[in-house]
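The lines below spell out each chain.
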Amino acid sequence: MGEQTMDDLYPSRREPTPSLLPRHDPVVHGRWAPGAPLSDEQTRFYDTNGYLVLENVFDPAEIALLQSGSMDLLANPAGLDRETIITERGSDEVRSIFAIHAQNELLGRLAADSRIAGVARFLLDDDVYIHQSRLNYKPGFDGKEFYWHSDFETWHVEDGMPRMRALSMSILLAENTANNGPLMVIPGSHRKYLTCVGETPENHYRSSLKKQEYGVPDREMLTALASDHGIVAPTGKAGTVVLFDCNTMHGSNGNITPFPRSNAFFVFNAKANSLVEPFGPKSRRPDFIADRAFTTVDIVKGPLVRRERAA
């Protein structure tokens, strides 16, 4: 494994106290023009707030197909790589299935859909690849919380993502309400980089996918960010897409309602921002968490349809 030679513009987990550092990268890398996959107003909202909600992206037939496919994976995981299946703390309930775009044909097609991948390519102004993908399940009554964090802080320190030129797309597969543990974001938090404290143990991913204990922001700093910017919980019906910048501070509450929620989650990274060696631990995380094939997404237009298997 080669030595890390690239300048670290976003050092974290090195100092005994946290700090807010300036962002050195734009949020919207592309320049808006008529014909862009987002309106000028949507583009400006995303640039200012670090997130955006797109409603009615997929029609009812496509939503039903995605829901059926995701439940099939949950009910019949035998064909999946067992390491990619993450369960809840203290139970066998599935929390996430990673690398879904590589393990399921329908979800691979979803990852390449122009309605999401085209938006990512526009905002990042480059060819894109899937840095990470997963199905997230938050079962009724028992779905656990996920603490506040900036994805970029983790991807930078633990994976070697050099710059803030990535974003996440969450495709809601069940209605997300204010009550069943939806995503929460701090609008505008993406404009500053909040460093974290604590040297990261090797193979931290084995525990962090269930509960993150390193790369966790300071409570005082979080309080200041939330006081300055507020907290928003983007909700919506199945078929809604929530996208957010890689540095937007976000988390989610537990779900103690009877109503489960689930979503397909894709992280798009610009090809020009491909991973180098981690800026923190010496060991790389597995490819199912941080892809290093850097395969360009071939963007596809058209509706999602069920492909019939040959006899």
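The residue numbering used here restarts from 1 in each chain and proceeds along that chain's sequence as written. With pLDDT at 70 or above as the cut-off, local features in this predicted model cover only qualifying residues; side-chain atom pairs require 80 or more to be listed or tallied, and sums for whole chains, interfaces and linings still use all residues. Just so you know, side-chain values use all the structure's heavy atoms and leave hydrogens and water out.

1. Considering the overall build of the protein chain
Thinking step 1. Numbering of helices and strands starts at the N terminus; helices are DSSP runs of H or I of at least 4 residues and strands are runs of E of at least 2. Scanning the protein chain for helices and strands turns up eight helices and twelve strands.
Thinking step 2. Here the radius of gyration uses the C-alpha set of atoms, whereas the globule reference equals 2.2 Å times the residue count to the power 0.38. Computed over its C-alpha atoms, the radius of gyration of the protein chain comes to 18 Å, within 12% of the 19 Å expected for a compact globule of 311 residues.
Thinking step 3. Each of the three principal axes of the protein chain carries a C-alpha extent, and together these read 60 × 50 × 40 Å.
Thinking step 4. Here the protein chain, with 311 residues, has 54% of them falling under the buried criterion.
Thinking step 5. Residue contacts are counted whenever heavy atoms from the two residues lie within 4.5 Å of one another. Excluding contacts between residues fewer than 6 apart, the proportion of contacts in the protein chain whose partners are at least 24 apart in sequence is 86%.
Thinking step 6. Throughout, the Shrake-Rupley method with a 1.4 Å probe supplies accessible areas, and for residues the shown protein chains are the sole cover considered. Here the protein chain displays about 14,500 Å² of accessible surface, and carbon together with sulfur accounts for 50% of that area. Throughout this description, buried means an accessible area under 20% of the type-specific maximum (1.4 Å probe, protein chains only), exposed means over 50%, and partly exposed covers the range between.

2. Here's the deal with the packing of aromatic side chains
Thinking step 1. Between rings of Phe, Tyr and Trp, where Trp is taken as its six-membered ring, a pair exists when centres lie within 6.5 Å; planes separated by under 30 degrees are stacked, by over 60 edge-to-face, and by other angles tilted. Applying the stated criterion to the full structure yields seven aromatic pairs.
Thinking step 2. With 6.1 Å between their ring centres and 50 degrees between their planes, F244 and F265 make a pair best called tilted. Placement of the pair is F244 in strand β10 (residues 241-245) and F265 in strand β12 (residues 261-270), with a sequence separation of 21 residues. The burial state of F244 is the same as that of F265; both residues are buried.
Thinking step 3. Two conditions define a charge sitting above a ring: the NZ of Lys or the CZ of Arg must be within 6 Å of the ring centre, and it must be within 35 degrees of the ring normal. Here the guanidinium or amino end of R134 rests over the ring plane of F265, the centre of that ring lying 4.1 Å away.

3. Digging into helix α6 (residues 151-159)
Thinking step 1. Counting buried positions over the nine residues of α6 gives nine, a clear majority of the element.
Thinking step 2. The set of residues buried in α6 consists of D151, F152, E153, T154, W155, H156, V157, E158 and D159.
Thinking step 3. Just beyond α6, the residue with positive phi is G160, at close to 85 degrees.

4. Describing the side chain of E62
Thinking step 1. Along the polypeptide, E62 turns up in helix α2 (residues 60-75).
Thinking step 2. For E62, a relative accessible area of 2% gives the class buried.
Thinking step 3. Looking at E62, its side chain comes within polar contact range of the main-chain nitrogen of L304, at 2.8 Å.
Thinking step 4. Residue contacts for E62: discarding those within four places in its chain leaves R115, P303 and L304. Within 3.5 Å is the distance limit for a polar contact, defined as a pair of N or O atoms, with the added protein rule that one can donate a hydrogen and the other accept it, and that residues adjacent in sequence qualify only through two side-chain atoms.

5. Focus on the side chain of R134
Thinking step 1. Along the chain, the position of R134 falls in strand β5 (residues 128-138).
Thinking step 2. In this tally, Lys and Arg are treated as positive and Asp and Glu as negative; His is ignored, and so are the chain termini. We define a salt bridge as a contact between a side-chain nitrogen of Lys or Arg and a carboxyl oxygen of Asp or Glu at a distance within 4 Å. No salt bridge is formed by the buried R134; its nearest oppositely charged neighbour, D151, is found at 5.6 Å.
Thinking step 3. A distance of 3.1 Å separates polar atoms of two side chains, one belonging to R134 and the other to N136.
Thinking step 4. If we ignore the near neighbours within four places in the chain, the residues touching R134 are S96, I97, F98, I100, N263, A264 and F265.

6. What to know about the sheet that holds strand β7 (residues 166-172)
Thinking step 1. The seven strands are arranged β2-β10-β7-β12-β5-β4-β3 in an open sheet whose pairing can be described as antiparallel. The sheet is open, and its two borders are formed by β2 (51-54) and β3 (85-87), each paired with just one other strand. Here the average twist between neighbouring strands, direction ignored, is 20 degrees.
Thinking step 2. For two strands to be treated as a pair, DSSP must find at least two bridges joining them. Here β2 pairs with β10 via four bridges, running antiparallel. The partner of V53 across the bridge, within β10, is V242.
Thinking step 3. Orientation is described by lines fitted to C-alpha atoms, with helices fitted over the stretch in contact, and by angles between N-to-C directions that extend from 0 to 180 degrees. Across the sheet, α2 lies against β4 (94-98) and β5, angled at about 70 degrees from β5, the strand it touches most.
Thinking step 4. Running over the sheet, helix α5 (residues 117-124) touches β5, β7, β10 and β12 and is turned about 155 degrees from β7.

7. As for the pattern of salt bridges
Thinking step 1. According to the stated counting rule, one finds 14 salt bridges in the structure shown.
Thinking step 2. As a salt-bridge pair, E158 and R13 come within 2.9 Å of each other at their nearest N and O atoms. Residue E158 is located in helix α6, and its partner R13 is located in the segment before β1 (20-22); the two are separated by 145 residues in the primary sequence.
Thinking step 3. According to the relative accessible area criterion, E158 is buried, its value standing at 3%.
Thinking step 4. For R285, the salt bridge is made with D159, and the minimal N-O distance between the two is 2.7 Å. In this pair, R285 is assigned in the segment after β12 and D159 in helix α6, connecting sequence segments 126 residues apart.
Thinking step 5. We classify D159 as buried; its relative accessible area is 1%.
Thinking step 6. Linked through salt bridges whose partners overlap, the residues forming this network are R13, E153, E158, D159 and R285.

8. Section: the state of the cysteines
Thinking step 1. Any two cysteine sulfur atoms within 2.5 Å of one another count as a disulfide. Overall, the coordinates contain zero disulfides when judged by the stated rule.
Thinking step 2. Summary of cysteine pairing: C196 is not part of a disulfide, and the nearest cysteine sulfur, belonging to C246, is at 14 Å.
Thinking step 3. You can call C246 buried: its relative accessible area is 1%.

Scope: geometric values only; no functional claims are made or implied.
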